[in-house]
Amino acid sequence: MTEIEIPSDHPRRVSLETRERIIEGHQDNIVATAGLLAHGRGEAFDYLIGEKTNDQAMKAIDAAVASMLLADHPVISVNGNACSLVPEELVELSEICGAPLEINLFYYRKEREDAIVTALKKAGAKEILGTIERPSETIPELSSNRRKVDSDGIGSADLVVVPLEDGDRTEALKRIGKFVVTIDLNPMSRTSVYSDITIVDNIVRAMPLMVERSRDLKHEPREKLEAIVKAFDNRKNLETAIERIIEHLEKQAAGFANITKEENR
Ligand code: ATP
Ligand code: MG
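Each value, and the rule that gives it
Residues numbered from 1 in each chain as written. Chains lettered and ligands numbered in written order. Predicted model: local features only at pLDDT ≥ 70, side-chain atom pairs only at ≥ 80, totals over all residues. Heavy atoms only, no water. Helix = DSSP H or I, 4+ residues; strand = E, 2+ residues; numbered from the N terminus. Rg over C-alpha atoms; globule rule 2.2 N^0.38 Å. Contact = heavy atoms within 4.5 Å. Areas by Shrake-Rupley, 256 points an atom, 1.4 Å probe, with all protein chains shown as cover. Lys, Arg positive; Asp, Glu negative; His and termini not counted. Charge placed at Lys NZ, Arg CZ, Asp CG, Glu CD. Core = buried A, V, L, I, M, F, W, Y, C linked by side-chain atoms within 4.5 Å. Buried < 20%, exposed > 50% of the residue type's maximum accessible area, 1.4 Å probe, protein only. Pairing = 2+ DSSP bridges. Right-handed = clockwise from strand over helix to strand, strands pointing away. Near = heavy atom within 4 Å. Polar contact = N/O pair within 3.5 Å; in protein donor to acceptor, adjacent residues only side chain to side chain. Nonpolar A, V, L, I, M, F, W, Y, C, P; charged D, E, K, R; others polar. Patch = residues over 30% accessible without salt bridge, like charges linked within 9 Å, V, L, I, M, F, W, Y side chains within 5 Å. Salt bridge = Lys/Arg side-chain N within 4 Å of Asp/Glu carboxyl O. 1 Å grid on protein atoms, 1.4 Å probe; cavity = no way out; pocket = protein on both sides within 12 Å on 5 of 7 lines; lining within 4 Å. Points joined across faces, edges and corners; volume = space filled by probe spheres on them.

A. Focus on the overall build of the protein. Helix and strand counts for the protein come out as 11 helices and 8 strands. Taking 265 residues into account, the globule formula puts the C-alpha radius of gyration at 18 Å, and the protein, at 19 Å, falls close to it. The dimensions of the protein, computed from C-alpha atoms along their principal axes, are 70 × 45 × 35 Å. Within the protein, contacts between residues at least 6 apart in sequence are counted, and of these 64% link residues at least 24 apart. Surface summary for the protein: the accessible area is close to 13400 Å², and the carbon and sulfur share equals 52%. Seen as two clouds, the 35 positive and the 47 negative side-chain charges of the protein have centres 2 Å apart.

Written as structure tokens, this is what we have:
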């Protein structure tokens, strides 16, 4: 239940509704308390990029989806924030790309796992990996609970999608040779930098676009998908993402300068 009513013409309605969803997810045990802080960090970066999906993020979305369609065994890692914000899209993307969903929690509690399973099932998920009773193995050199991965999921995956992920885990996944795709609003986070493909955008905008693009690209020949992935350079992608932030801030600054000039007239 949403606790506050946000007027439909409120300028920051989507952002406030998204925040409400995270708060509800926290009340329902889906989102960890630290997840609230991570969300706030994301909101700050969303302000800096102008709360819109830009051309560079669209390129990264295409590369991400193409790489998922090309992978032999892609897996989508699901944490509390991703589950509370985009459960239906996670299920749809998983089905279109043949990429199972695997629950992976930094702060493991059985109630959280159960709440996430319930939410994903409600969104249409048929199979969910990573739960406590599943066969598991450990990622070396990672000291949190998240070193545990499903043997049929991330354990044997060639590509892992890790939206809103912590840097330590991304680094560990890279160390064991996985191709890593992420969605992260902060182009300077360690996850953004370690990943092979980083979509610098809000998950609430990026995920529906990934679903749409995966439907389109699924019918394209392998060679075309390979060309999209080959042409993508994550270092350049992150540089451009930062340039887009600078451009946006310069526009904002120019806007304020104009207002000040008007006032002084
Ligand atoms: P890192 O560990 O990668 O250096 P961090 O410690 O700042 O980064 P974490 O909490 O570990 O961050 O990971 C969460 C990441 O997800 C942050 O970079 C945050 O900006 C990003 N994030 C939060 N909410 C969203 C969202 N709705 N969409 C996209 N990214 C988000
Ligand atoms: Mg971190």
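B. Molecular detail of the nonpolar core. Of all hydrophobic cores here, the largest spans 51 residues; its most connected members are Met68, Leu90, Leu120 and Met210. No other element matches helix α3 (residues 55-70), which puts 9 residues into this core. Setting aside residues no more than four positions away along its own chain, Leu90 makes contact with Ile76, Val78, Ala82, Cys83, Leu101, Leu120 and Met207.

C. Representation of the pairing of strand β7 (residues 179-183) in the model. The element β7 is extensively covered by neighbouring structure, given that 4 of its 5 residues are classed as buried. Where strand β6 (residues 159-161) lies against β7, 3 bridges are found, and the strand directions are parallel. Counterpart to Val161 in the pairing with β7 is Val181. Assessed by its sense of winding, the connection that carries the chain from β6 through helix α7 (residues 167-175) to β7 is right-handed. In this sheet, strand β8 (residues 197-199) lies alongside β7 in parallel orientation, the contact comprising 3 bridges. Residue pairing in the sheet places Val181 in a bridge with Ile197 of β8.

D. Up close: the site of ligand 1. Neighbouring ligand 1 are 18 residues; Arg41, Asp166, Gly167, Asp184 and Asn202 lie closest to it. The contact in question runs from an oxygen atom of ligand 1 to an N or O atom on the backbone of Glu165, over 3.3 Å. Between an oxygen atom of ligand 1 and a side-chain N or O atom of Asp166, the distance comes to 2.9 Å. Protein coverage of the free-state accessible area of ligand 1, which is 620 Å², stands at 87%. Every element with two or more residues in the shell around ligand 1 is listed here: α2 (33-49) and α8 (190-194). Residue composition of the shell around ligand 1, by class: 5 nonpolar, 7 polar and 6 charged.

E. Molecular detail of a nonpolar patch on the surface. Side chains of Met188, Ile242 and Ile246 sit close together on the surface and give an oily, nonpolar patch of about 260 Å² of accessible area. Note on placement: Ile242 falls in helix α11 (residues 234-264). Overall, the relative accessible area of 30% leaves Ile242 in the partly exposed class.

F. Local environment of the layout of surface pockets. Looking at the largest pocket, its volume works out to about 770 Å³. In terms of lining, the largest pocket is formed by 32 residues, of which the most central are Ala38, Arg41, Leu164, Glu165 and Asp166. Residue assignment for the lining of the largest pocket shows that the elements contributing at least two residues are α2, α4 (80-85) and α8. At 8 residues, the largest contribution of residues to the lining of the largest pocket is made by α2. Residues of the lining of the largest pocket, tallied by class, amount to 11 nonpolar, 12 polar and 9 charged. Quantified by volume, the second largest pocket comes out at close to 460 Å³. Every residue lining the second largest pocket is counted, 19 residues in all, and those nearest its centre are Arg21, Cys83, Ser84, Pro87 and Lys122. Within the residue set of the lining of the second largest pocket, elements represented by two or more residues are α1 (13-27), α4, α5 (87-97), α6 (110-122) and α9 (203-217). For the lining of the second largest pocket, the element with the most residues is α1, which contributes 4 residues. In terms of residue class, the lining of the second largest pocket is built from 10 nonpolar, 3 polar and 6 charged.

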